[in-house]
Amino acid sequence: MLVHGPAKPTGHTLATPGVLALLALTVMGMGVAGYRLVFGLQAVTNLDQQHPWGLWIAIDVGTGVALAAGGFTTAALVHVFHRQRYSALMRPALLTAMLGYTFVGIGLMFDLGRYYNIWHPILPSMWQGNSVLFEVGLCVMCYLTVLYIEFLPIVCERFAGDDRYPRLGPVCAWVQRVVRKTMFLLILAGVVLSCLHQSSLGTLMVIAPSKVHPLWYTPILPLLFLLSAIAVGFPMVIFESIYASWSMKSKYEMHLLAPLARFIPVFLGVYLAFKIGDMVVRESYTHFAATSVTGALFASEIILGLVVPLALLLSARVRSSPRWLLIASLMVVLGVALNRVNIFLVSYQPPYAVKSYVPSVGEFVLTVGLIACLMLVYRVIVTYLPVLSSAPKAGTA
Amino acid sequence: MALNRREFMRVAGVAGAGVAFANNQSHANEFAQLPGSADQMMGVLVDIPNCIGCRKCEYACQESAGFDVAPLETFEDKSVFAQDRRPTPSSYTVVNRYGHPTGDSKPAHVKVNCLHCLEPACVSACLVRALTKEPSGPVVYDAAKCMGCRYCMVACPFQIPAYEYDNATTPQVRKCTMCFGQLTKNGGVPACVKACPQDCVIYGKRNDLLRLAHDRISAHPDVYIDHVYGEHEAGGTSWLYLSSIPYEELGFVKAGLTAPPALTELIQHGIFKYWIPPLALYGLLGIIMKLSRPDPSEQAAQAESGTVEC
Ligand code: SF4
Ligand code: SF4
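Residues numbered from 1 in each chain as written. Chains lettered and ligands numbered in written order. Predicted model: local features only at pLDDT ≥ 70, side-chain atom pairs only at ≥ 80, totals over all residues. Heavy atoms only, no water.

Enquirer: Provide a residue-level description of the site of ligand 1, including the pertinent values.
Expert: Neighbouring ligand 1 are 13 residues; Cys114(B), Leu115(B), Cys117(B), Cys122(B) and Cys156(B) lie closest to it. Class assignment for the residues of the shell around ligand 1 results in 11 nonpolar, one polar and one charged. (Near = heavy atom within 4 Å. Nonpolar A, V, L, I, M, F, W, Y, C, P; charged D, E, K, R; others polar.)

Structure below.
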């Protein structure tokens, strides 16, 4: 049996062209962010009275939350269903989820007109239980807290045995003990909170039946959001693992990724079944026009993002080839991302729109900057904290 | 993209016939529990055929809201009618003109503003209670609570709330307040009602206005179509309209008859019913976690190899 070594700081140098490129993109994004804070949304975005939500909500928030789903799906797999062989994937998935949600919060700050009131949903006097957004907001805040606590032992592990910080040792050991003992409660809470807000994110648009294109508008949007979040979790983990191995020039973890990929067609199949079933029951295919932009985007979401990767991942050859596994996983990731963009942007057709919304350059630069910054922070953290474990050398036990 | 009735039923069909039924039921029940009794609920009736398009209501509204208002004469400018206008952050109500589609030379003028829904989607959407429905009818906004997420704008079926995108620090959601809080200043009626020189914008108890509207329809079936817009649209609104032309031709949206929050609140409260579903999921996962725990020998083997990790 192949077994992973313990997770270690990679200790790789940060002075690489890739890191520098990420830094440059981050700085550009920060420039736009600063401009937005000083001059307002109008100065940067193409939002108008008809289109209150744009790229930042669709990508930074909608897609960000979906793609951070690797955290709770992996936690469920490793800690709830006890598939211990995958435990080496837990830390990177946890880190991605933690950073993903952190950046969802940061991205949202720039979109909120009154960002300094972002904490208002915590105040019981303002709780509004009828609001779907309230539920999403509170669940995300709780989940983010859970993720930070889950990550604490990893930070502590780094400092517990370090002679340079003798005072930190006992504190770290204590934190590790306490968190380890309560870990199962946190894991369960994380999975439940994820199911709740992943689905509620889909309920958001249910309140606008007259504005959302009938190809996408369905009361089962919450279910579709949950199923697609579950389906995208492992592809995201696989994509990150292959990408990390590639960029650090280490060995691909195919002995874990190939068996992990067997789950994906099952999840994709369930999602596809509900998506098609919904289309049949609602007869929404009558609104499908292959030549229209909406039709083309709807079709790509289903065919390129669902059917093709599903078929690919059924093949053992695809699952065991790093290149093909990467391609299939990326198709799922992009398919779910497209679905979120479709629902929050493309399908939103306000009744009195005079022109359609096209994101401004500034909106793109900020979004790209946030993604770059996330990758940069990830890179720094895995360099100094024990997150990634090295793949085993073939043949060793 | 308006859903017609058939499509709406189809959508409801997906949610399950039972849900659709419960939906209407809960809707009816909620109506009984609206803040204040139906008797207290004030409203405004807009008699479109009586409107002459003088735009005095626009002026009065801006003045009453405390905006920098242009002199009254500038509101006599009819060139603005060349385009359909929508309420803006600095003009809560606007009048649009529609040529009479039947070839009659008399155009129709339509005053557009927040309809102050009975079960407002914007209020249901707002996560921090910045928007509230007053028992007397107005839907009002509290900027101090607002986060500026603009979900209320997404939710409003009539596309009413406008946002101050150009304000970098303290932007507000802006819409008609039905002069809540300024009523005394305006002599007990909304500013637009007071300003209207015609028998066009009428303030009163919603029930009385409904009766008045139907009386007018039966008294002048030649003038009015038999449809009071707002009686049932989006679950009913405090503002009501009378028209001689089908509303679709006057820029009104074809809103569904159920209040949009009926479905979302049904889903939301279904997911959280007495906290049972989340707790049940928590418990179920806990049981799986316990049952699927690998047997100790295997665990020991893994512990040895140092891979058991949290
Ligand atoms: S018309 Fe729109 S803004 Fe006015 S109360 Fe209804 S949902 Fe709210
Ligand atoms: S923009 Fe303000 S009023 Fe509108 S939903 Fe968000 S917090 Fe509520």
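Enquirer: Describe the interface of chain B and chain A, naming the residues involved and giving the relevant values.
Expert: Chain B puts 74 residues into the contact, and the matching count from chain A is 86 residues. For the pairing of chain B and chain A, the buried interface totals around 7,200 Å² over both sides, and the portion due to carbon and sulfur atoms is 61%. Summed over the shared surface of chain B and chain A, the result is one salt bridge. In this structure, Asp111(A) engages Arg150(B) in a salt bridge whose closest nitrogen and oxygen atoms are separated by 2.9 Å. Remark: the boundary between chain B and chain A carries 34 residue pairs in polar contact (both at pLDDT 80 or more). Looking at the side of chain B that touches chain A, the elements with two or more residues in it are helix 1 (5-14), helix 4 (121-125), helix 5 (151-155), strand 6 (162-163), helix 8 (261-271), helix 9 (276-291) and helix 10 (296-305) of chain B. Per-element accounting of the side of chain B that touches chain A gives the leading share, eight residues, to helix 8 of chain B. Of the residues that constitute the side of chain B that touches chain A, the class distribution is 47 nonpolar, 16 polar and 11 charged. (Contact = heavy atoms within 4.5 Å. Buried area = accessible area lost by both parts, 1.4 Å probe. Salt bridge = Lys/Arg side-chain N within 4 Å of Asp/Glu carboxyl O. Polar contact = N/O pair within 3.5 Å; in protein donor to acceptor, adjacent residues only side chain to side chain. Helix = DSSP H or I, 4+ residues; strand = E, 2+ residues; numbered from the N terminus.)

Enquirer: Can you break down helix 7 (residues 206-219) of chain B residue by residue, with the values?
Expert: Residue and element names in this part refer to chain B. Over its 14 residues, helix 7 runs 20 Å from end to end, which matches the ideal 20 Å to within 8%, given 1.5 Å per residue. Residues Arg 206, Leu 209, Leu 210, Ala 213, Arg 216 and Ile 217 constitute the buried set of helix 7. The arc that holds the buried residues of helix 7, viewed along the axis, is 125°, so those residues lie on one side. Facing away from the buried surface of helix 7 by more than 90 degrees, the exposed residues are Arg 211, Ser 218 and Ala 219. If you follow the buried residues of helix 7, they end up packed against strand 1 (42-47), strand 8 (201-205) and strand 9 (239-242). (Expected span 1.5 Å × (residues − 1). Buried < 20%, exposed > 50% of the residue type's maximum accessible area, 1.4 Å probe, protein only. Arc of directions from axis to C-beta.)

Enquirer: Describe the pattern of salt bridges, with residues and values.
Expert: Residue and element names in this part refer to chain B. Tallied over the entire structure, the rule returns 11 salt bridges over all chains. Put simply, Arg 55 and Glu 58 hold a salt bridge, and the shortest N to O gap is 3.1 Å. Take Arg 55: its relative accessible area is 6%, and that puts it in the buried class. Here Glu 58 falls in the buried class, since its relative accessible area comes to 1%. Among the salt bridges present, the one from Arg 85 reaches Glu 58, with a minimum N-O distance of 2.6 Å. With Arg 85 in the loop between helix 3 (56-64) and strand 2 (94-98) and Glu 58 in helix 3, the pair connects residues that are 27 residues apart, well separated along the chain. For the residue pair Arg 85 and Glu 58, the accessibility class agrees, reading buried in each case.

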